[in-house]
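Per-entry structural report
Spelled out, the chains give:
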Amino acid sequence: MAAHRTCELSTLAKDGTPVTWPVSARLHPDGTFTLTTSLGFPQKAFNIRRDGRVALLFSDPTGSGLDAPPQVLVHGTATCPDEITTTPGDLADYWAMLFERQPSSRAYLKPPVRPVVDWYYMRLVITVTPTAVTSRPRLPAVDGRPAATPLLGAAALADFPSAVLGVRDGDGAPTLFRVRPVPGETGFAVDVPEDAEIRPGRASLLGHRHDEQLAGAKFVLVRGELTGGPGGWSLVPSREVRPAGSAWSTIRRTRRSTRDYLAKRGLGRPRVDWAGFTAVADSVRRHP
């Protein structure tokens, strides 16, 4: 788990849908994980404050240096205090991990772009305490990709050799499976283990990928309804979510989200510790 550059985090949306996005997590010796989300993308924090049950799946080893590792699924509880962190401080090791694994992020520290991307360094800290950890065999590689059909989300998911299915288990908590969704007339057939204790209802499919330095990221989330049973499951799509647009549209959206988050709490724009972040990045550059 410590070697994986990303994992998939699933939280429960207000309507009960397990919503899944790739994140970078730091594993600590006590078994807990630290994650963060910027004020530009606060939805994960809102979901966790409403319901702290989460799932983490380590299923994409790109950049990890591992040779065909098994998947690792973590169920746990998460906390995310309403405290904004704008300095490395106690997160210096976490930021060092990000700067080392994603060298392109150091460009955000350059003075010309600081006023535009200061939201990136305004972070909410998420702590995940595992309640169960299980391993699964790695999904075998196959040639080709899923076919693109008129089904909502099929063309987007066809860009990925597999996807991560987010569903709710028997207790209603989120759980994750890496699958190869097969588009049909009304839904995606998903091959879930027969002994999996999951329930029909709101679900999602995440397709994502990145290179070995966490660049060239691409992702899409297809939300819908999981139908069927142990004999065969299908996700009927209702919405396709693409968080990334052009660079400027992303910046406008994240700056607006940051402004709204602060305004609702009656807060001014916090000052970012540029010198502190630069020192951490420079240290990583000298001693990776």
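Attention here is on the structure that accompanies the text.

Next up on the list: helix α6 (residues 274-286). With 13 residues, α6 ought to run about 18 Å at 1.5 Å a step, and its terminal C-alpha atoms sit 18 Å apart, in line with that. Turning to α6, its buried residues number three or more, namely Trp274, Gly276, Phe277, Val280, Ala281 and Val284.

Within the fold, Asn47 resides in helix α1 (residues 43-50). Judged by its relative accessible area of 2%, Asn47 falls in the buried class. Reaching out from Asn47, the side chain makes a polar contact with the side chain of Thr11 at a distance of 3.0 Å. Look past the residues within four positions of Asn47 in its chain and what remains in contact with it is Thr11, Leu12, Ala13 and Lys14.

Time to look at the packing of aromatic side chains. The final tally for this structure, using the stated rule, is 14 aromatic pairs. Ring geometry for Trp21 versus Phe219: centroids 6.0 Å apart, planes at 70°, classification edge-to-face. Linking Trp21 in strand β2 (residues 18-23) with Phe219 in strand β14 (residues 218-229), this pair joins segments that are 198 residues apart in sequence. Note on Trp21: relative accessible area 18%, which makes it buried. What makes Phe219 partly exposed here is its relative accessible area of 26%. Taken together, Phe41, Tyr94, Trp95, Phe99, Tyr108, Trp119, Tyr120, Tyr121, Trp274 and Phe277 form an aromatic cluster joined through their ring pairs. Arg123 extends its terminal NZ or CZ atom over the ring of Tyr120, reaching a point 4.5 Å from the ring centre. Sitting over the face of the ring of Tyr261, Arg265 holds its NZ or CZ atom 3.6 Å from the ring centroid.

Reading the values: rules and limits
- Residues numbered from 1 in each chain as written.
- Predicted model: local features only at pLDDT ≥ 70, side-chain atom pairs only at ≥ 80, totals over all residues.
- Heavy atoms only, no water.
- Helix = DSSP H or I, 4+ residues; strand = E, 2+ residues; numbered from the N terminus.
- Expected span 1.5 Å × (residues − 1).
- Buried < 20%, exposed > 50% of the residue type's maximum accessible area, 1.4 Å probe, protein only.
- Polar contact = N/O pair within 3.5 Å; in protein donor to acceptor, adjacent residues only side chain to side chain.
- Contact = heavy atoms within 4.5 Å.
- Phe/Tyr/Trp six-rings, centres within 6.5 Å; stacked < 30°, edge-to-face > 60°.
- Lys NZ or Arg CZ within 6 Å of the ring centre and 35° of its normal.

Everything listed is a geometric property; what it means functionally is a separate question.
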